[in-house]
Amino acid sequence: MKNILLFGDPGIDDTLAIIYALLHPEINLIGIVCGYGNVSRKQTIQNTFYLLSLAERLDIPIIGGATRSLTGDVDDYYPEIHGPDGLGPIHPPEGLPSTLNNFSTIYEVISRYHDVTIVDVGRQTSLAAAYILDSTIMNSVKEVFMMGGAFLVPGNVTPTAEANFHGDPVAVNAVLANAPHVTITPLNVTNFAIIAPQDIRYITEHSSFAFTHLLEPIHNYYFKAYQKLVPGIKGTPMHDVFTLWALMNPDKVRSVRRKVFVETNLSDKGLSIADFRPLSSHEQTGKQQNIILQFDYSAFVADFIRVMSGASSI
């Protein structure tokens, strides 16, 4: 079992990642840190309570994360992609039972479990703050997987920048400087981790979980948004699910080790930089990160369908 502390900003793709984590038989979801990003922190918290209520998993701690970036900038939200509440056409009901844990609960959760893996699929502000406030406990974390960046390929919020790295590049650099074992899943791979409408339809026809009814409407909303962004696309990229999948399927991905830096200047904000010249990995000094650049697409789709339909549940 992988003890996973998830940082995110649900968000359609984060929502699907949470569902994937809840259903995966080898993932023990030990907490969710909710911060700003796709929608406001207030809304990401409400969305997470809604999902865990449906799953009857309110035993999982929900922890309040950051409300804005380390630079103090107010983030742009994307209702045209994620919907006004972050769940496409779905509006979480009011009055859900809720106990929001303080930020310090991150350290309590990490101390309680052995071999904790952090997966951050949102802005890295909350994770950076965690390292800044208590590096001793954070250095006991086994590994960090983060979704973000675009290396030598177009961004998705600017011509050069991916949304998570663009949202708080200062935080990304702080995590890269402090976390000892980091793996990055950039747009280079997540853009191609596409799940088609027929895959979602198959899942909904072959599963009966409390949140199954959410899958088709939120995926359809997401798909329509992507059809406008990428004409001719056959489905929607599962950026955040891919990051969990890559963690759980290391034999199905290929990565390189490079030192990564994210540009903080306004003109190139969020640009992710690494030296990919053939001999550069031997010449670089300082901490390096794993950057996943290739993966087995057929294995990804098969696993997504299997886990989300409950075929691999125990």
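Heads up: these notes are all about the structure in this document. (Residues numbered from 1 in each chain as written. Predicted model: local features only at pLDDT ≥ 70, side-chain atom pairs only at ≥ 80, totals over all residues. Heavy atoms only, no water.)

Attention now moves to the sheet that holds strand β1 (residues 2-8). Strand order in the open sheet formed by nine strands is β4-β3-β2-β1-β5-β6-β7-β13-β10, with mixed pairing between adjacent strands. In the strand order of this sheet, the two ends are held by β4 (100-101) and β10 (253-258), each with one partner. Looking at chain direction, β1 and strand β5 (residues 116-120) are connected through five bridges and run parallel. Within β5, the position partnered with asparagine 3 by the bridge is valine 116. Helix α4 (residues 105-112) contacts β1, β2 (27-34), β3 (62-64), β4 and β5 of the sheet and is inclined by roughly 165° relative to β1. Across the face of the sheet, helix α8 (residues 169-178) comes into contact with β6 (143-147), β7 (182-185) and β13 (289-295) while running at roughly 155° to β6. (Pairing = 2+ DSSP bridges. Helix = DSSP H or I, 4+ residues; strand = E, 2+ residues; numbered from the N terminus. Contact = heavy atoms within 4.5 Å. Axes fitted to C-alpha atoms, helices over the stretch in contact; angles between N-to-C directions.)

Here we come to the nonpolar core. Of all hydrophobic cores here, the largest spans 65 residues; its most connected members are Phe242, Trp245, Phe300 and Met308. The element that contributes the greatest number of residues to this core is helix α1 (residues 12-23), accounting for nine residues. (Core = buried A, V, L, I, M, F, W, Y, C linked by side-chain atoms within 4.5 Å. Buried < 20%, exposed > 50% of the residue type's maximum accessible area, 1.4 Å probe, protein only.)

Following the criterion strictly, the structure yields six salt bridges and no others. The shortest N-O distance in the salt bridge between arginine 123 and aspartate 9 comes to 3.6 Å. Residue arginine 123 is located in the loop between β5 and α5 (125-133), and its partner aspartate 9 is located in the loop between β1 and α1; the two are separated by 114 residues in the primary sequence. (Salt bridge = Lys/Arg side-chain N within 4 Å of Asp/Glu carboxyl O.)

Turning next to a nonpolar patch on the surface. Residues Leu70, Ile132 and Val170 make up a contiguous nonpolar surface patch of about 250 Å² in total accessible area. Of note, leucine 70 is situated in the loop between β3 and α3 (79-82). (Patch = residues over 30% accessible without salt bridge, like charges linked within 9 Å, V, L, I, M, F, W, Y side chains within 5 Å. Areas by Shrake-Rupley, 256 points an atom, 1.4 Å probe, with all protein chains shown as cover.)

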